[in-house]
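Fold and geometry: a report
Spelled out from the first residue to the last, the chains are:
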Amino acid sequence: MSDAVGPGDLVLCVNAAPNHVTGQPVPLVAGETYRVLEIMEFACPCGRSDALLDVGVGFAWCQTRFRLLPKPKASARTRRVTVPRKKENV
């Protein structure tokens, strides 16, 4: 996944289990989205990933805790606004 994820991408936290190494609770919330600040090419001690993600919470987290969200396809466009016509009384 480290090849697909880049700085600025949005990821979804799917695993808020305790820290792999220390067993202490993590400040991440399952189901919340985070923006990737940095990718560190360093193998996680759990052996399941080849990179750690820095999402601005704590230090760095195993990439197996996250799933990459698709980039939005919608683009901003201007729309015409219809103005109601005023009726004249005859």
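Note that the structure is predicted; figures quoted are calculated from it, not measured.

1. Re the overall build of the protein chain
Broken down by element type, the protein chain carries zero helices and six strands. Reading the helices (α) and strands (β) of the protein chain from amino to carboxyl end gives β-β-β-β-β-β. Compactness check: the protein chain gives a C-alpha radius of gyration of 22 Å against a globular reference of 12 Å for 90 residues, more than 25% above the reference. When the backbone C-alpha atoms are referred to their principal axes, the protein chain occupies close to 85 × 25 × 15 Å. Every one of the 90 residues in the protein chain was classed for burial, and the buried ones make up 28%. For the protein chain, long-range pairs separated by at least 24 residues make up 50% of all intrachain contacts whose partners lie at least 6 apart in sequence.

2. Section: the sheet that holds strand S4 (residues 52-54)
Spatial ordering of the open sheet is given by S3-S4-S5, a layout of three strands whose pairing is antiparallel. The sheet is open, and its two borders are formed by strand S3 (38-40) and strand S5 (61-62), each paired with just one other strand. Note: S4 against S5, two bridges, orientation antiparallel. Looking at the pairing, Leu53 lines up with Trp61 of S5.

3. Considerations on the sheet that holds strand S1 (residues 10-13)
Pairing within the open sheet is antiparallel, and its three strands lie in the order S2-S1-S6. Both edges of this open sheet fall to strand S2 (33-35) and strand S6 (66-68), since each of them pairs with a single strand only. Pairs of neighbouring strands in the sheet enclose a mean axial angle of 35 degrees, with direction left out of account. Where S1 and S6 come together, three bridges link them in antiparallel fashion. The residue of S6 that forms the bridge with Val11 is Leu68.

Definitions and cut-offs
- All chains use their own residue numbering, which begins from 1 and follows the written sequence.
- Since the coordinates come from a predicted model, pLDDT governs what is reported: local features require at least 70, and pairs of side-chain atoms require 80 or more to be given and counted, while whole-chain, interface and lining totals use all residues.
- The side-chain numbers reported here are obtained from all heavy atoms of the structure, hydrogens and water having been left aside.
- For helices the rule is a DSSP run of H or I covering at least 4 residues; for strands it is a run of E covering at least 2, with both sets numbered from the N terminus onward.
- The globule rule is 2.2 Å times the number of residues to the power 0.38, and the radius of gyration it is compared with is taken over C-alpha atoms.
- Throughout, exposure labels follow a simple rule: accessible area from a 1.4 Å probe, protein chains only, divided by the maximum for the residue type, with under 20% read as buried, over 50% as exposed, and the rest as partly exposed.
- In what follows, a contact means two residues having at least one pair of non-hydrogen atoms within 4.5 Å.
- Two strands are counted as paired when DSSP detects at least two bridges linking them.
- Throughout, an axis means a line fitted to C-alpha atoms (over the contacting stretch in the case of helices), and angles, computed between N-to-C directions, take values from 0 to 180 degrees.

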